[in-house]
Amino acid sequence: MKVDRLDYDVVISGAGPAGSVCAMALEKSGLRVALLDKSSFPRDKICGDFIAAMGLRELYKVNPHLEKRFEEYPCKVINRKTRFIVGNGREIPASWVLKSYTIRRQHFDNILLEEVLNKGIADFYPESQIVKIRPDKENLKIESRQGHSFSAKMIIGADGAHSIVAKLLAGFKIDRKHYGGSVRAYYTNVKSIDTEENEVYVHKKVTPGYFWLFPVSPTEANVGLGMQSKYITSQKIDLKSLFFRFIEESPLLQQKLGSAQMLGKLEGFGLPFYSKRQKVSGDRFLLTGDAASMIDPSNGEGIMQAMVSGRMAAEFTIKCFEQNRFDEAFTQEYARLLHNRFWREMKIKSLLVNTLANKPWLIYSGAYLCDKSPLIKRAIQKLM
Ligand SMILES: Cc1cc2nc3c(=O)[nH]c(=O)nc-3n(C[C@H](O)[C@H](O)[C@H](O)COP(=O)(O)OP(=O)(O)OC[C@H]3O[C@@H](n4cnc5c(N)ncnc54)[C@H](O)[C@@H]3O)c2cc1C
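Anyway, here's the lowdown on the structure attached to this text. None of the values given here were measured: they were computed from a predicted structure. (Residues numbered from 1 in each chain as written. Predicted model: local features only at pLDDT ≥ 70, side-chain atom pairs only at ≥ 80, totals over all residues. Heavy atoms only, no water.)

1. Observations concerning the sheet that holds strand β14 (residues 261–272)
If you walk across this open sheet you meet the 8 strands as β3-β5-β4-β11-β12-β13-β10-β14, and the pairing is mixed. Each edge of the sheet is formed by a strand with only one pairing partner; in this case those strands are β3 (50–51) and β14. Sheet analysis places strand β4 (residues 77–86) next to strand β11 (residues 197–202), joined by 6 bridges and oriented parallel. Bridging across to β11, I85 finds its partner in Y201. (Pairing = 2+ DSSP bridges. Helix = DSSP H or I, 4+ residues; strand = E, 2+ residues; numbered from the N terminus.)

2. Regarding the site of the ligand
D37, G48, F50, R105 and D290 are the nearest of the 39 residues found near the ligand. Between the ligand and I130 there is a distance of 3.0 Å, counted from a nitrogen atom to a backbone nitrogen or oxygen. Between the ligand and G300, the relevant distance is 3.2 Å, taken from a nitrogen atom to a main-chain nitrogen or oxygen of the residue. Within the complex, 95% of the 1000 Å² of free accessible area of the ligand lies under protein. Taken together, the elements giving at least two residues each to the shell around the ligand come down to α1 (17–25), β14 and α9 (303–323). Looking at the shell around the ligand residue by residue, the classes come out as 17 nonpolar, 13 polar and 9 charged. (Near = heavy atom within 4 Å. Polar contact = N/O pair within 3.5 Å; in protein donor to acceptor, adjacent residues only side chain to side chain. Areas by Shrake-Rupley, 256 points an atom, 1.4 Å probe, with all protein chains shown as cover. Nonpolar A, V, L, I, M, F, W, Y, C, P; charged D, E, K, R; others polar.)

3. Side note on the nonpolar core
Ranked by internal contacts, the top residues of the largest apolar core, which has 76 residues, are I12, F70 and I155. Among the elements that take part in this core, α9 stands out by supplying 10 residues, more than any other. Discounting residues that sit within four places of it in the chain, F70 has contacts with L59, Y60, K76, Y101, I103, F108, I111 and L112. (Core = buried A, V, L, I, M, F, W, Y, C linked by side-chain atoms within 4.5 Å. Buried < 20%, exposed > 50% of the residue type's maximum accessible area, 1.4 Å probe, protein only. Contact = heavy atoms within 4.5 Å.)

4. A word on the packing of aromatic side chains
In this description, a pair of aromatic rings is defined by centroid distance and the angle of the planes. All told, the structure shown has 18 aromatic pairs when counted by the stated rule. Residues Y8 and Y125 carry aromatic rings whose centres are separated by 6.2 Å and whose planes lie at 80° to one another, so their mutual orientation is edge-to-face. Of this pair, Y8 sits in strand β1 (residues 6–13) while Y125 is found in strand β6 (residues 123–125), placing the two residues 117 residues apart along the sequence. There is no split in this pair, since Y8 and Y125 are both buried. Seen from their ring centres, Y201 and F246 are 6.4 Å apart, and the 85° between their planes marks the pair as edge-to-face. With Y201 in strand β11 and F246 in helix α7 (residues 239–249), this residue pair connects regions lying 45 residues apart in the sequence. With relative accessibility at 3%, the residue Y201 sits in the buried group. Put simply, the rings of Y201, F211, F243, F244 and F246 touch in pairs and so form one group of aromatic residues. Between R104 and the ring centre of Y186, over which it is positioned, the NZ or CZ distance is 4.2 Å. Directly above the ring of F342 sits R341, whose terminal nitrogen or CZ lies 4.7 Å from the centroid. (Phe/Tyr/Trp six-rings, centres within 6.5 Å; stacked < 30°, edge-to-face > 60°. Lys NZ or Arg CZ within 6 Å of the ring centre and 35° of its normal.)

5. A few points about the pattern of salt bridges
Summed over all chains, the structure comprises 29 salt bridges. In this structure, E58 and K61 form a salt bridge, with 3.3 Å as the shortest nitrogen-oxygen distance. Separated by 3 residues within a single helix, E58 and K61 lie in helix α2 (residues 53–62), roughly one turn from each other. For K61, a relative accessible area of 55% translates into the label exposed. D175 is paired through a salt bridge with K276; the nearest N and O atoms lie 3.0 Å apart. With D175 in the loop between α5 (164–170) and β10 (179–188) and K276 in the loop between β14 and β15 (281–282), this residue pair connects regions lying 101 residues apart in the sequence. In the salt-bridge network here, residues are joined through shared partners; they are E27, R69, E114, E115 and K119. (Salt bridge = Lys/Arg side-chain N within 4 Å of Asp/Glu carboxyl O.)

Structure (structure tokens):
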């Protein structure tokens, strides 16, 4: 279907947490905003579904009303603990002061999008996959696979790990040294789980990486395995086979998943780590979330960074319009702000991960020390 060109000030590519939070933060800007997504919603996103307390705090800063909405939302579990199962069964329980949620992304992302749509902040175009972006003198010409044509002064890339905006405008290419691979499935009829407690399995069979079991209800769990891509490639690891083998060979997992059924299938997705500085801004564009490679290299979490960068991109976009500046020299300031907010912490975590990679004995010794000394355990917990 061919339609006339749709004119906007800002096009946001992708309605995940980065895109929806960016739109929310543009609410009072007076700008005409289009939010495009290649999927129709609600849609699933392959993820561990763990929304850390820090991420929730950042979200409520942009939209305080969401705190109550999530508190009342029934299809979630409150998470206050993590149990680390190290090696062949050393169990290290940890509890957290702040509460986090585990909530299926199908629900979480849809709630954020509903907030945007209910407030009329942006025009939403589902099933609009951006395939072409052409810079013009005054604008960007944006085309979707479905035949829509848009023009905008600015585009925000919030389109995830396979971002077309990052690829076309920032020249992004996957660097396996700074990328992860992962697989995930939902199981039902899971036994012996505590909904308040996420389980993280650290074992030489799955390092550098980890296996997780995150309850999403009293009988269902999000189960997955993630690992650094450079090891997956160099060791020729088949992540899906390793996932099933790991369950089969773990007596503890057999107890929990032995009689459980998989819902749907085991699916894989990429993790662009924030362990290298990427180009995140340029002429008429800013990147956010996974499109800006912002995933924490130590645990694979990226939702908090997606929401914070979404908010920061909105604030910077408002500045661009106030000063009528959309050029690379000006938008570089956004890259600097993002860097100041996250780089130091991510670099330290990345160094730690690389030190521990291929040295499971070091992790096992750390676990032993945690077990013996509450002081060491508290120090490591703080780092996380
Ligand atoms: C297996 C796995 C487990 C994870 N577990 C966790 C976890 O438990 N906690 C956590 O914090 N993080 C986790 N992450 C990371 C987290 O999923 C991401 O960091 C987060 O989804 C990033 O949000 P985003 O908005 O940047 O991108 P996304 O959530 O990927 O959203 C991008 C959106 O863009 C749309 N899109 C893509 N291409 C186009 C296009 N060309 N045109 C229009 N729309 C497009 C997509 O349909 C999608 O809706 C996990 C990741 C993986 C792979």
